[in-house]
Every structure is written in C-alpha cells, then in structure tokens.
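Residues per chain are reported as follows:
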Amino acid sequence: MNTLINQETLFTLFPNGKIRILPKKTVIATPHQKVTSIYWLLEGSIDHYVSLDKPKKNVLVNKTAEPMTCIGWNGLNAPGRFYHATVVGSKEAELYEVPMDQIEQYLDSNPDSAFLRDIGQRIYYQFGQALSRQIKQMEHEHLPTAPSTLEPYVISPEPDTEEMITLMRRSPFMEAFEDEDLRELAGHTVRREYEPGEEIYHQREPTPGFYILIQGEVTIERHQEGVRFKHRTLSTPGFVFGWSCPLEMPDVCNAMATHKCSVYMIPTEQLRAILKAKPALGIRFHRRLIWLLGNHLQASFTRSVYLSIHHDQLTIHNLIEGHKSKLQLSSPIYQVPHLLKEYVTKPIAYDILHQLNQKGNAAEKFIASISLQLLRHDEKELKFMQGLNRIYESVTENAETDPEALRKACSASTRQLFEPLEVKISGWEQLPKSAGHIFIYNHLLNDPNYTLPNGFQITLDSHFISSLILDATYNSPGIRTVRMSKGPEYGHQDYYERLGYINVFTQDSDNAPARREQAKKIFYEQATAHLKAGENVIISPEGTSYASEESPGPFKMGAFNLAYQNPEVCIVPIVLFNFDKRIPANTYYARILEPLKLHEKVENEKQLKPFVYEYQRTFAAEVEKIRRLSDEQKK
C-alpha cells in the first residue's frame, strides 16, 4: 500500500506519542467506548470483532497484520466512539499511541489534508480486506441484489447550482458541509448518463472522479475468484460513490449501472485541486470521507455477521445495538427488529426503513440503507406474500359472481405476482393454434412459508400455467381440476367454489367411496363439456404434489382416458421446475412439450395404459433435462 505517512514520519509528527507493547488478547477497544487516542500498529496483528447482543457472542469479522493499520479513526468524527471490539491477535503487538487532543492540535495548526488522507487510505485497505474475507466466507455462494423501487428525483436537463446543492443536501456524506463548500464543489461538477449494464469504473483502477447519484441505480461489486460479490446497491438520490478517488488509490470494487442512471461527477484532478487550494475544505472533506469509509467498513462487518449467524432479524437488531450511541432515543429505527417478527407488522417495518433511508439523519440513513440491503430477500418475500393475498382476495372478496370473470381476475393477479420474478418459458411453438385441449403438468409442492393466514396455499404451478401460458395465448385461463377439500378447509372451499373448476377426489381429499365414484362420473361429463365448448382443461395426472427433485410421481389415467374419449383433443404436456422453492434466488422454469393425439399413439384402449406408463418415463427425462438446466444456471 503506497501511503504518505510511514513510521518515521509518524514519530516526527507526534514526538510525544507512546509505544505500547501489548500481549495477546489485550482489548484495545470496545464498542461505544469513547475514543481518547488513535493507535498505529507497528508490529504484530490485531483482530476485529462485532459484539452481538442476541445471541451473546463475539463474531470475528477481520484480521490484519498490515503495518501502520490505524485504530481509533472513529474519534475524528462525532460521536467519537469505537464501533467494534479490537483485540491483539498475535503473541504480542507493538502500537504507537497518540492522544486525540494532540491530533486535533496538529490538524488545527497544519491545515493539510495529507495526514487525514493517509488514515482514509488505511481504512480503505481494511475495507478491501474485509470484502475479500467475505467472499471466502460465502464459499462461492452468490448474493444477488433484487431490483429496487427507485426514488424519483426531478431535475432540469441543465441544472443550476441551487439544484445541485439541493441534491447534495440529500446525501448523508454532504450534510456536514456548509453552502459555501457545496457551491465550490458544484462549480466543478459535470453530468454523466449511463445505460443499464454499463460500467462506470473498474476494480483495481483509479476512478475517473467522485460521483453523486441523481437518479437510477448503481451496484458496487467486487470480482474475485470467479465470484461477483455485490457490496451495495445505491438508488437513493444524493448518495455518493467512487470513494477511492480522493484517496488517490485504485478502487477495490467495480461500479455498474443496474438501471439507467444519471450522476454528477467531480473529476479526479479537479477535486484534488479544490481540496489543495482550499485547505480548510480539504480537512472537512477528508474527515467526512473517513466517516463514510468507516460506515462502509462497518457495512462489510455487518454482512460478515449475517454470513456467520444467517439470521436477518438478529443481524438488524445487532446492527442497531452497535450504533445506538449515534441514535436519538426517539428514533423509530428501534421499532424495526420488533416489527419484523410478525408478517402482519413487517410492512410497517419496511415503511420505517424506506422513510429513514430518504429522510432520516446520517446514522438513521446508514442503518436503514444497510438493513434494506441485508433484508432485500425478506422484503421480496413479503411482497410475494402480499401478492398471494391479492390473488386470493381477487376471487373471494370480489363483488363479481360470474366464474369466468373471476377466473380472469385471478389470472390478472397471478400475472402481477410473477411479473418481478425470474421466469423462463420455452416451447411456445408447441402450443396448438386454438383452444380446447388437455394440458398436463408435473404438480409441485408449495413451500410451507407461502401459506396464507387461513391455512390455504395458492398452488403456484397451476396458477402459472393458467395465467402466463394459457391466458397469455388464448385469452382464457382455462378450467382446472381441483381436489375436493376436507371439511375444515374453508379457505380452499371459498376460493375454488367461486372459480367454477371441476372437483376431483385425490388421496388428499376426504375418504368417501360413494362420493368418489360420483365425482369421477361428473369429472368426465364436465371436462368433456368444457372441451367441446373450446375451453382448455388443466389436469395434474399425478393426483398429488411432489418436490422438484422427486418429480414426477406416477401418472393416473384420468387425463388420458378423457383424451382418448375425445379423439380431436390433444394432450399438451408442460414440464415445470422450482415452483416448490422459495423465491429470493429462484428461477421458475416451464417447458411446453410436443402435443399428443392418443389415437395416433395407440390402436385400441387396451394399449392406453402401457403407453401412459412408457410416456411417464419420457416425461421424467424431460424433467431431468430442466433440472440440469437449473443446476447449470446456478453455477
């Protein structure tokens, strides 16, 4: 690391400092402790821990033996307290201690930001180390970022200085500066536009400048050992990035536009010239940069905690606990861990986080932005559950009573549910040109986490076929067969009775042999009537659901007997995969296979059962293909 301040220079700048030789496990700093001195590591190594409140434990988040590593830089900004525990990791460690009052005296009498820039470089080096450590913790597991809901920001095509200052004021980084400082920076700012997927700057290279986000979304990610590790996604207008620019160091991450975005950029050379020409601004800028880099180092430590305990809510609780010395007692952020515990109160928690991310003070914005990043999968699942509720209510709470209209409403809500998710459908060319056919599929379990409060589960796979394939192609969701519900299943009854579907007995229905035989007869009569009326009929030939890895189960004959009895009708097979998986890192797969006309496959009814038995093996092979495709996509 090419820095300005070496050991000899440090002794010269602060001749009254003291050398401390500390044995292994000596605690140098504890969380929330007031910083009274800054330490520089001369020899040995130190370990950084995050102290958890729940459960009571210390999590190792970083180790370093880099000479001149700085400890206590938190003292350069309010509230001047340590964020995490620092302990001697080697047999002994030699450190140089300089009291904070001596450092402040030096900064008052030497308005040169070189000293602060050196401290910033050392924090940034630790930040790069922490990101590298996390990638190894992940064991090559990707943590993708879901697209964000972007905050709109209206700005004229050729903004004036006041518009720039208004935007800068939205940034926690910029809020410490006076208007005079902001005007100076705004006077050297240029505007840039980036398309989705366009790289803004590259890892291991100096950044072209210091960036302020106007609108859109930018992902800050590190590439290492074949892994793309996403550290942060920035979508809040006014947030800054390109942190290495004023440090005169290569960046440890890439920056890429994930949505079309606009930014202001202060070019590197101009920023350095401003900070050199205005020494007092240089001091203020680098103090604030140390604060910002400390936040990002803390964010990386928080992610290490998450990777250690694998619990979103506890991670957020401990994040707040670790920063409570910077929070007002009345801050609504304290409510968040409690509100996250229950599904019915989670929306309130996310409302608080989004509001604080936009309008909170610096500490609240930092905690809210990190929380939203860590909770992005949980928030995505909450929105998914709300979408399932909308599907259910589009049927049961709808004033409409016509089953066909209700089926269309249900289809529209299902389409809305899947719209933000990753879906891959192939084989569209296999679909018959007109409706009036039997669609079969491998029926997959629902994840129990997606059970509605009344105990009902929206069957994702059949709803998917109805909405995203049949309604999208034939302008009709088709008619499904549904199992007869058990007595207590009022949610199931209320939902399917209104949709006008065909009831069938399965192994999951009440056991009533007389009703079972009657229902079988009604099934053939109703299904045939719908087919003759030009409606598609959707049937799961297995009669029950399976996990993707166990699918398909044995086929029953109902769908095939129905097709044989209606010679002009095709059986259209659809292979599904992953509909039993939780959504955060999931892709839903569907492949439409070649239609079958049974009278072209068998000569008489006696050959039907052996044909179905053999065809099940063909269908299972197609499931295996899509399973392999899913596995390849995850690599």
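Residues numbered from 1 in each chain as written. Predicted model: local features only at pLDDT ≥ 70, side-chain atom pairs only at ≥ 80, totals over all residues. Heavy atoms only, no water.

Turning our attention to the overall build of the chain. Scanning the chain for helices and strands turns up 19 helices and 21 strands. Taking the principal axes of the C-alpha coordinates as reference, the chain spans close to 100 × 60 × 45 Å. Within the chain, the fraction of its 635 residues that count as buried is 56%. Residue pairs at least 24 apart in sequence account for 76% of intrachain contacts in the chain once pairs closer than 6 positions are excluded. Approximately 27,700 Å² of the chain is accessible, and the part contributed by carbon and sulfur atoms is 49%. Charged side chains of the chain number 71 positive and 78 negative; the gap between the two group centres comes to 3 Å. (Helix = DSSP H or I, 4+ residues; strand = E, 2+ residues; numbered from the N terminus. Buried < 20%, exposed > 50% of the residue type's maximum accessible area, 1.4 Å probe, protein only. Contact = heavy atoms within 4.5 Å. Areas by Shrake-Rupley, 256 points an atom, 1.4 Å probe, with all protein chains shown as cover. Lys, Arg positive; Asp, Glu negative; His and termini not counted. Charge placed at Lys NZ, Arg CZ, Asp CG, Glu CD.)

Right, let's talk about the side chain of Glu535 for a bit. Mapping Glu535 onto the fold places it in the loop between helix H16 (513-532) and strand E19 (537-539). Within the buried core, Glu535 has no salt-bridge partner, and the shortest N-O distance to an opposite charge, that of Arg407, equals 4.3 Å. (Salt bridge = Lys/Arg side-chain N within 4 Å of Asp/Glu carboxyl O.)

Read from one edge of the open sheet, 4 strands run E2-E7-E4-E5, paired in antiparallel fashion. For this open sheet the edge positions go to strand E2 (27-29) and strand E5 (57-64), each flanked by a neighbour on one side alone. Averaged over all pairs of adjacent strands, the angle between strand axes in this sheet comes to 35°, irrespective of strand direction. Note: strand E4 (residues 46-52) against E5, 7 bridges, orientation antiparallel. Note on E5: the bridge partner recorded for Leu52 is Lys57. (Pairing = 2+ DSSP bridges. Axes fitted to C-alpha atoms, helices over the stretch in contact; angles between N-to-C directions.)

Here we come to the nonpolar core. By size, the foremost hydrophobic cluster in this structure holds 96 residues, and its most contacted members are Trp40, Ile103, Phe173, Met174 and Phe241. A per-element tally of this core places helix H7 (residues 279-309) first, with 11 residues. Listed in part, the 75 residues of the second largest apolar core include Val395, Phe418, Ile539 and Cys570. (Core = buried A, V, L, I, M, F, W, Y, C linked by side-chain atoms within 4.5 Å.)

A few words on the confidence of the model for the chain. On average, the chain scores 88 in pLDDT, and the residues at 70 or more come to 92%. Low confidence marks residues 140-154, where pLDDT is under 50. Its contacts with residues over four positions away, or in another chain, come to 42 contacts. (pLDDT = per-residue confidence, 0-100.)

Pairing is antiparallel across the open sheet formed by 4 strands, whose spatial order is E1-E8-E3-E6. The open sheet has two edge strands, strand E1 (18-23) and strand E6 (70-71), and neither has a second partner. In this structure, strand E3 (residues 37-43) lies alongside E6, joined through 2 bridges in antiparallel fashion. Its bridge partner being in E6, Trp40 is matched across the sheet by Cys70.

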